[in-house]
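Examination of the molecular architecture
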Amino acid sequence: MSARPNGVDSQPSNNLRARRIALDTHDQPVILTRRDCPVCRSEGFSAHARVRVQNGNHRIIATLYQIDSDWLGPGEAGLSESAWRRLQINEGAEVHLSHPQPLNSLSLVRGRIWGRRFTRQALKEIITDVAGGRYADIHIAMLLTVMATAGLDEGEVTALTDAMIGAGDTLKWGREPIVDKHCVGGLPGNRTTPLVVAIIAACGLWMPKTSSRAITSPAGTADTMETLAPVDLDLKAMRRVVEREGGCVVWGGAVRLSPVDDMLIRVARVMDLDAEAQLVASVLSKKIAAGSSHLVLDLPFGPTAKIRQRTEAEELGQRLKSVAEHFGLATRVLITDGSAPVGRGIGPALEARDIIAVLGNHANAPADLRERALMLSGELLELAGAAAAGEGHGLAEKTLASGAAAAKFEAICSAQGGMRKPPSSRRQYVILAKQAGVVKEMDNRRLSRVAKLAGAPGAPAAGIELHCRLGDSIEREQPVYTIHADSTGELNYAREYAFSNGDIIAISASD
């Protein structure tokens, strides 16, 4: 017979047998019971209630759903994959259900709606509850809405950043400088990070880079890097790689640096809501938690980029720089062109091929990706004092051209578990120009949509391969881009969308 959970002084009637139901709810713990479950009846739990679930010393707050069938036995509780992992439980073990403590910090969020400024302590309480899984998605949405509509002042954003850092692990490297870079996103194919890490590490600086997977885009840096080397490294393995090679590119989800950030981003993306306060705290909390001392920020703007106007980029850059100063983080902001994708590939493996081409100094390597990586590397080298003012770009270019960056990248991949060859797609379809002319516009968002319909990032080889750039002269029926997919169905979905959106790449007719 299963033992009662340790440390629980309760009636046996509040215990149910755990059953793994292989339900993917991302990072939201869910518990399933029968509607006639005696525990739910005695405790007054109904569908969508928040329930405290405990197994031994492990406890979570889960959302309850109920069924009216015999799929679960009377004494069983079905647990989602997220709940199962967090409870570290075995099939058939007993879990104890109870009411969670009152969520007092939610009143602080409500108070901000009515104009009461967040104190440092208030934000600490709120973020502690979010990190502990006590906030349901609707509560997080309420917090994000407050940030977006009421706006937070600089003191509040600084306190929010500090609270997010404190809710997770932090890295101390015992040396400086520790450098990093960040792009706010919105540009398909802009995969400069692996290139910058390789160049910087080859120049003798340390750059421990944690990167994200895609949530709504065709590829995140971690997705692309995973086609070249393992990225699911824990903190111990990450430290080993950096101490050996001076840099790494790993998935941030495998390490616990500002874990609240991922929770906020997931809900914000569903809401399609960009709150400046959340963005600033998101970027800086992860960099500071990773032990960075010097940071270059890339803020691209353009008609279909994440930031639409230069003035928006300037205002955001100033806020980032100002908050960073409170933590002693040396920051340089670059406002760049975001009018078109960067590189040729959009999708994990296609972007990885661009990276290999640039590192290998191939004649056909995408020049825009190469130049962007050199620019960012040069700025980092100058900011960190590894190059004199105006000489960073030259040093970065020399490091790349000599093959030193390529050698360093291979060494980093080897240290992370071994370098891989990116996969190739099983099916392709070429989109041809309907008329001769000049490429005038490229829609970042709709190009990303085509790549996602083709299967990216879930199918790493899927995506788009561009055959033209802004300003190129093009002939009628010349290839504009190729859709890559692994299944006929996904290829057809992407192709149909491309045909119904013929101006994704706009070509003005020749005079």
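Residues numbered from 1 in each chain as written. Predicted model: local features only at pLDDT ≥ 70, side-chain atom pairs only at ≥ 80, totals over all residues. Heavy atoms only, no water.

Here we come to the pairing of strand S1 (residues 15-20). The sheet contact formed by S1 and strand S6 (residues 94-98) spans three bridges and is antiparallel. Bridge pairing in S6 links Asn15 to His96. Of the pairings in the sheet, the one linking S1 to strand S5 (residues 76-79) comprises four bridges and is parallel in character. For Arg19, the partnering residue across the bridge sits in S5 and is Gly78. (Pairing = 2+ DSSP bridges. Helix = DSSP H or I, 4+ residues; strand = E, 2+ residues; numbered from the N terminus.)

Taken N-terminus to C-terminus, the directions of helix H4 (residues 120-131) and helix H6 (residues 154-166) make an angle of 40 degrees; their axes are 9 Å apart at the nearest point. Judged by the inter-axis angle, H4 sits oblique to H6. Note on packing geometry: the crossing formed by H4 with H6 is right-handed. Two secondary-structure elements touch here, H4 through Arg120, Leu123, Lys124 and Ile127 and H6 through Glu156, Thr158, Ala159, Leu160, Asp162, Ala163 and Met164. For the contact of H4 with H6, the class distribution of residues is six nonpolar, one polar and four charged. (Axes fitted to C-alpha atoms, helices over the stretch in contact; angles between N-to-C directions. Parallel < 35°, antiparallel > 145°, perpendicular 65-115°, else oblique. Left-handed = near helix turned anticlockwise from the far one by under 90°. Contact = heavy atoms within 4.5 Å. Nonpolar A, V, L, I, M, F, W, Y, C, P; charged D, E, K, R; others polar.)

Our focus in this paragraph is the pattern of salt bridges. Tallying each qualifying case throughout the model produces 34 salt bridges. Arg476 serves as the salt-bridge partner of Glu477, at 3.4 Å between the closest nitrogen and oxygen. Relative accessible area serves as the criterion here: at 48%, Glu477 is assigned to the partly exposed category. Several salt bridges converge on common partners, so that one network encompasses Arg213, Asp223, Glu226 and Asp232. (Salt bridge = Lys/Arg side-chain N within 4 Å of Asp/Glu carboxyl O. Buried < 20%, exposed > 50% of the residue type's maximum accessible area, 1.4 Å probe, protein only.)

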